[in-house]
Amino acid sequence: MGCGGSKPNAVDPSASPNQASQSQKGGSTKTSPNKANSVNNNKNNNNNNNSNINNARTGQRKGTGAQSKYVKADSSYNGSVNGDVHKEATDKGYNRRLRNNLINATQGSDIEELEKAKDRFERHRLEDCGDLTKANERLYFLKLRKDLKDAIRRSHVGVLERSIDEAEASPYAGQLSSHIEAAKAKIAHLRELNQYSHDILAMDQSTISELHTYHRPPACVHDVMAATYMLLGHDESTLRDWEYVQSMTGRLGRESLIHKVKDFDSSNVDERTSKRVREIINYHELDEVRTASNGAATFHVWASNIVDKIDKDKAEHETQARKAEEDIQSAKASKGSKRSQK
C-alpha cells in the first residue's frame, strides 16, 4: 500500500527505465530512471512482504498442525499417566480386598477358605502387617483341633496319641484342653474295649470253625451269637435264621468275626439294641453256654461286658451333662448377683 492510500501503477520489473516511463498512464509527469528503480524496489519489497506474510500464515497453519500433533502426543502421554494412576488405584483396591478376605477368613473356622485366602495373599506378596501372621497362627490352631476330632472319630489309639502330643506341645494346649481331654477319654474307652475283646482276639480260627460247623446248635449258642452280631450292627430279624449266622461266622479277612470285634466301638450301639442284647444274654447262664461251646462262652462274656460298659458310659455322660448345666446356671447366677450389686 502506498502512502495516503494511492495505488501505484503496475511496473514490469523486467522493463527498462524508458519503457517503464512510457507505459505509465496519464504520464504527464515523466519518471526518472532513479525513481523507476525506486518503484521497482518498492514492488519487490511488497512482493517479498506478501510472500513473507503468506509464509507466516502457512507457518502458522503448519505451526497449528504441529501444535495439534504435539497436543495429541501430550494427550497420549497424559492418558498413559492416567492409566498408570488408574491401574495403581485399581491394584490398591484389589490388594485391600485380598487383605480383608484374609482377615475375614482368619476370624472364621473354615480351613479351606483360610488356606485359599492365605495363598492369594502370599502370591501377591502383600506386606504382612500382622495379618498373615495371625492367619498362620489361626490355621495352625484349626488344624490341631481338626486332627483331634478326626482321631476321636477314627477310634485309633495310635492316631489319638499323636494328635494329643502335637496339641499339648503347641501354644494352644489351653484352648484345646476340652478336645485333648475328649481324646484321652477316647483312648481309655478303646483300651477298655480291647481288654474285653482280648480273649476273642486270642481265639484261633479252629474255635470259630467249631461254631461254623453247627447245623442245629443249642439255643444258648444261637442266642449268644445272634446277640454278638446285633452289637456288630446286624438286624435281629435276619439273625433268627441260623444259616445266616453260620454264613457270617464263615467269613474271612476284614469281614471275619474276629476282625469285626477288633474294630468294634460300643459308642456306635444305640440304647434300644443294648437293652435287647442284655435281655438275650440274661436268658442263659455262662456255665450253660460254656458247657455247650467254649467259643460261644467267650462271646457271652464279651457281650455282657459290652452292655455293662454301654450302661456305665451312659451314666457318666448324664452325670457330666448335669454338672455342665449346673456350672452354667451357677455362672448365670453369679453374673446376675454382680449386676445387682452395681
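Going along each chain's sequence as written, the residues are numbered from 1 onward. The predicted nature of this model means local features are confined to residues of pLDDT at least 70 and side-chain atom pairs, given and counted, to a pLDDT of 80 or more, with totals for whole chains, interfaces and linings taken over all residues. The basis for the side-chain values is all heavy atoms of the structure; hydrogens and waters are excluded.

Novice: Hey, could you run me through helix H8 (residues 219–231) in this one?
Specialist: Side chains that are three or four residues apart share a direction in an α-helix, a result of its 3.6 residues per turn. A run of DSSP states H or I qualifies as a helix once it reaches four residues; a run of E qualifies as a strand once it reaches two. Both are numbered from the N-terminal end. Helix span is expected to be 1.5 Å times the residue number reduced by one. The first and last C-alpha atoms of H8 sit 18 Å apart over 13 residues, in line with the 18 Å expected at 1.5 Å per residue. Considered for burial, the residues of H8 that qualify are Cys-220, Val-221, His-222, Val-224, Met-225, Ala-226, Ala-227, Thr-228, Tyr-229, Met-230 and Leu-231. Remark: Gly-233 follows H8 within two positions and exhibits a positive phi of approximately 110 degrees. Summary of the burial criterion: residues with accessible area below 20% of their type's maximum are buried, those above 50% are exposed, and those between are partly exposed, where the area comes from a 1.4 Å probe applied to protein chains only.

Novice: What should I look at first to understand the nonpolar core in this one?
Specialist: Across soluble globular proteins, nonpolar side chains have a tendency to be buried as a group. To define a nonpolar core, start from buried Ala, Val, Leu, Ile, Met, Phe, Trp, Tyr and Cys residues and group those joined through side-chain atoms within 4.5 Å. Core analysis: the largest hydrophobic core is formed by 62 residues, its most contacted members being Leu-176, Met-225, Leu-231, Phe-299 and Trp-302. The dominant element in this core, judged by the number of residues it contributes, is H8, at nine residues. Whether two residues touch is decided by their heavy atoms; if any such pair falls within 4.5 Å, the residues are in contact. The residues touching Met-225, leaving out its near neighbours within four places in the chain, are Leu-211, Trp-242, Val-245, Thr-249, Leu-257 and Phe-299.

Novice: I'm lost on the packing of helix H5 (residues 157–169) against helix H6 (residues 177–201) in this one. Help?
Specialist: Describing two packed helices takes the angle between their axes plus the distance from one axis to the other. Contact geometry for H5 and H6: axes closest at 10 Å, N-to-C directions at 155 degrees. As far as their axial angle goes, H6 and H5 are roughly antiparallel. Relative to H6, H5 is oriented so that their crossing is left-handed. Here Val-157, Leu-160, Glu-161, Ile-164, Ala-167 and Glu-168 of H5 lie close against H6, whose contacting residues are Ile-180, Ala-183, Lys-184, Lys-186, Ile-187, Leu-190 and Arg-191. Axes here refer to lines fitted to C-alpha atoms; in helices the fit is confined to the stretch in contact. Angles between the N-to-C directions go from 0 to 180 degrees. Each angle receives one of four descriptions, namely roughly parallel if under 35 degrees, roughly antiparallel if over 145, roughly perpendicular if within 65 to 115, and oblique otherwise. In this scheme, a crossing is called left-handed if the near helix is turned counterclockwise away from the far one by less than a right angle; it is called right-handed if the turn is clockwise.

Novice: For this particular structure, what's the right way to read the packing of aromatic side chains?
Specialist: When we look at a pair of aromatic rings, we describe it by the centre distance and by the angle of the planes. Stacked, tilted and edge-to-face are the three classes applied to pairs of Phe, Tyr and Trp rings, where Trp contributes its six-membered ring and a pair requires centres within 6.5 Å; stacked means planes under 30 degrees apart, edge-to-face means over 60, and tilted covers the rest. For the coordinates displayed, the defined rule picks out three aromatic pairs. Residues Tyr-140 and Tyr-172 carry aromatic rings whose centres are separated by 5.9 Å and whose planes lie at 70 degrees to one another, so their mutual orientation is edge-to-face. Taken together, the residues Tyr-140 in helix H4 (residues 131–154) and Tyr-172 in the loop between H5 and H6 connect sequence positions 32 residues apart. For Tyr-140, a relative accessible area of 40% gives the class partly exposed. A ring pair is formed by Phe-141 and Tyr-172, whose centres lie 5.6 Å apart and whose planes are at 70 degrees; its orientation type is edge-to-face. Taken together, the residues Phe-141 in helix H4 and Tyr-172 in the loop between H5 and H6 connect sequence positions 31 residues apart. Tyr-172 shares its class with Phe-141; the two are buried. Put simply, the rings of Tyr-140, Phe-141 and Tyr-172 touch in pairs and so form one group of aromatic residues.

Novice: How should the packing of helix H3 (residues 111–123) against H4 be read in this particular structure?
Specialist: At their nearest, the axes of H3 and H4 sit 10 Å apart, and the two run at 150 degrees to each other. Considered as vectors, H3 and H4 are oriented roughly antiparallel to each other. Viewed along their axes, H3 and H4 form a crossing whose handedness is left-handed. Where H3 abuts H4, its residues Ile-111, Leu-114, Glu-115, Lys-118, Phe-121 and Glu-122 lie against Leu-132, Ala-135, Asn-136, Arg-138, Leu-139, Leu-142, Lys-143 and Lys-146. Partitioned by chemical class, the residues of the contact of H3 with H4 number seven nonpolar, one polar and six charged. Polar here means any residue outside two lists: the nonpolar Ala, Val, Leu, Ile, Met, Phe, Trp, Tyr, Cys and Pro, and the charged Asp, Glu, Lys and Arg; Gly therefore counts as polar.

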